[in-house]
Amino acid sequence: MNKSELHAKLSSFPKNHQLSEESIENISKRINKEIEVKKRGTKNHFFLNRKAIAAGLLSMTLLFFLLWGLKVREPEMLQEHAGIQFNRDFKSVEEGVKLREEKDIYETVEAENSWAFDPREPENLVGDDGIVVKLKVLSIREAKILAKTETFYTETPYTPIDVSIQETINGKHLSGKKTIYVEGGDIRISNLVESWDKHRVSLLGLNKLTKKEQESKFMSFGSEYDYEMAPGKEYAVILTKQQTEGEIYTVVGRGYGIFEMEENKYRNVITGRYYPALVFSDNE
């Protein structure tokens, strides 16, 4: 420990050196003053240290609460983010729903199918003149009653589906854009009133509806074997040509005649069964 200047001077005095009372008093005052300065310096140093420690503790405390706050808020922030994302997705879904036509269904008619063969086997649906094609659905139109001819008539509505034929797998070759028809669908009541006989219309009470109601309301025709194809998707479909003057191709067996393509296999949309191929004849 370094000695002070005063201590150095005192140490240099001879042992027998005698100081005057005035000198001793002055030296004593100077020593006391130096001690006071040192004390103040020590206090100031301690005070500064305490300030530094306090500042450090305050910083650490603030950092702790900041991190704790973030940790507590993290799930909430994630929920908020998820909520925002959900709202965006929900909004897009809502917009998609709004694009679809909202139909006022007046009544639903469920068909009871009676099969003369097992419709779960594609070969039974194809028969001797069935056609199997790969196609892409372009659009789906409103159901209607097909035009009556001498060789063809049905009171059951059919839904027109605009498609692009991509490949003929079996039977008569088809290509290009065509309209195929699938049994059932939602048909405007005014269409039924125009197509059905008056007795059938009155039995269902459709004649009691106003013209506006007939135009705005729909009858829904379906069965447990129905399958709704989606625009933009590709399918393999079993078709048959109806005996009419024009080219009217209908889907055979409702959903039993529709297949999705998965890894070079065909999966029936009703049974879920897979088939490696849908070739059954060499018809041209």
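Since the model is a prediction, treat every value here as computed from it, not as a measurement.

Student: Is there a simple way to think about the overall build of the protein chain in this case?
Tutor: Of regular secondary structure, the protein chain possesses 6 helices and 11 strands. Counting every position in the protein chain, which comprises 284 residues, the buried fraction comes to 29%. A fraction of 66% describes how many contacts in the protein chain between residues 6 or more apart in sequence connect residues 24 or more apart.

Student: So what exactly am I meant to see when it comes to unusual backbone geometry here?
Tutor: Glycine aside, residues mostly have negative phi angles, and peptide bonds mostly take the trans form. Phi at R254 is positive, roughly 55°, even though this residue is not glycine. Relative to the helices and strands, R254 is located in the loop between β8 (249–251) and β9 (258–262). For N264, which is not glycine, the phi dihedral falls at a positive 65°. Residue placement: N264 occurs in the loop between β9 and β10 (265–268).

Student: What exactly am I supposed to notice about the sheet that holds strand β1 (residues 104–110) here?
Tutor: Hydrogen bonds along the backbone pair up the strands of a sheet, which may run parallel or antiparallel. Taken together, 3 strands build an open sheet; the order of strands is β1-β6-β5 and the sheet is mixed. If you trace the sheet from one side to the other, it starts and ends with β1 and β5 (185–188), each paired once. Mean inter-strand twist for the sheet, computed between neighbouring axes without regard to direction, equals 25°.

Student: Teacher, can you tell me more about the pattern of salt bridges here?
Tutor: In this structure the tally under the stated criterion is 14 salt bridges. One salt-bridge network, in which partners are shared between bridges, spans K233, E260, E262 and R267.

Student: Got a minute to help me understand the pairing of strand β4 (residues 176–183) in this structure?
Tutor: Every other side chain in a regular strand lies on the same face of the sheet, so the side chains alternate between the two faces. Strand direction decides the pairing type here: strand β3 (residues 158–170) and β4, joined by 8 bridges, are antiparallel. In the strand pairing of β4, P160 is matched with Y181. The turn joining β3 and β4, which pair antiparallel and follow one another in sequence, is formed by 5 residues; a positive phi near 85° is taken by G171. Relative to β8, β4 runs parallel, the two sharing 2 bridges.

Student: Any chance you could explain the nonpolar core here in plain terms?
Tutor: Within soluble globular proteins, side chains that are nonpolar tend to cluster in buried spots. The biggest cluster of nonpolar side chains holds 18 residues, and the ones touching the most others in it are L135, I180, M229 and L239. Where this core is concerned, the elements lending two or more residues are β2 (131–140), β3, β4, β7 (234–241) and β8. No other element matches β2, which puts 4 residues into this core. Contacts of I180, omitting those with residues within four sequence positions, involve L135, T159, P160, I161, V163, M229, L239, Y249 and V251.

Student: I keep staring at the packing of aromatic side chains and nothing clicks. Help me out?
Tutor: Each aromatic ring pair is specified by the distance between its two centres and by the angle formed by the two planes. Applying the stated criterion across every chain, the model contains 7 aromatic pairs. For the ring pair W196 and F221, a centre distance of 6.1 Å and an interplane angle of 85° mean the geometry is edge-to-face. Taken as a pair, W196 in the loop between α4 (189–195) and α5 (198–203) and F221 in strand β6 (residues 217–222) lie far apart in primary sequence, 25 residues in all. Accessibility assignment for this pair places W196 and F221 in one class, buried. An aromatic cluster is built from W115, F117, Y225 and Y256, whose rings are joined through pairwise contacts. Lying over the aromatic face of F218, K103 brings its terminal NZ or CZ to 5.5 Å of the ring centre. Across from the ring centre of W196, 4.3 Å away, lies the NZ or CZ of R200, which sits over that ring.

Student: Before we go on, may I ask you to explain the confidence of the model for the protein chain in this structure?
Tutor: Where the model shows low pLDDT, its predicted coordinates should not be examined in detail. Per-residue pLDDT for the protein chain averages 75, and the proportion of residues at 70 or more is 63%. Scored below 50 in pLDDT, residues 42–100 makes 1 contact in the model with residues more than four places away or belonging to other chains.

Student: What am I meant to see in the environment of K148 here?
Tutor: Among the secondary structure elements, K148 is positioned in the loop between β2 and β3. With 96 residues separating them along the chain, K148 and T244 place their C-alpha atoms 8.8 Å apart.

Each value, and the rule that gives it
- Residues numbered from 1 in each chain as written.
- Predicted model: local features only at pLDDT ≥ 70, side-chain atom pairs only at ≥ 80, totals over all residues.
- Heavy atoms only, no water.
- Helix = DSSP H or I, 4+ residues; strand = E, 2+ residues; numbered from the N terminus.
- Buried < 20%, exposed > 50% of the residue type's maximum accessible area, 1.4 Å probe, protein only.
- Contact = heavy atoms within 4.5 Å.
- Pairing = 2+ DSSP bridges.
- Axes fitted to C-alpha atoms, helices over the stretch in contact; angles between N-to-C directions.
- Salt bridge = Lys/Arg side-chain N within 4 Å of Asp/Glu carboxyl O.
- Core = buried A, V, L, I, M, F, W, Y, C linked by side-chain atoms within 4.5 Å.
- Phe/Tyr/Trp six-rings, centres within 6.5 Å; stacked < 30°, edge-to-face > 60°.
- Lys NZ or Arg CZ within 6 Å of the ring centre and 35° of its normal.
- pLDDT = per-residue confidence, 0-100.

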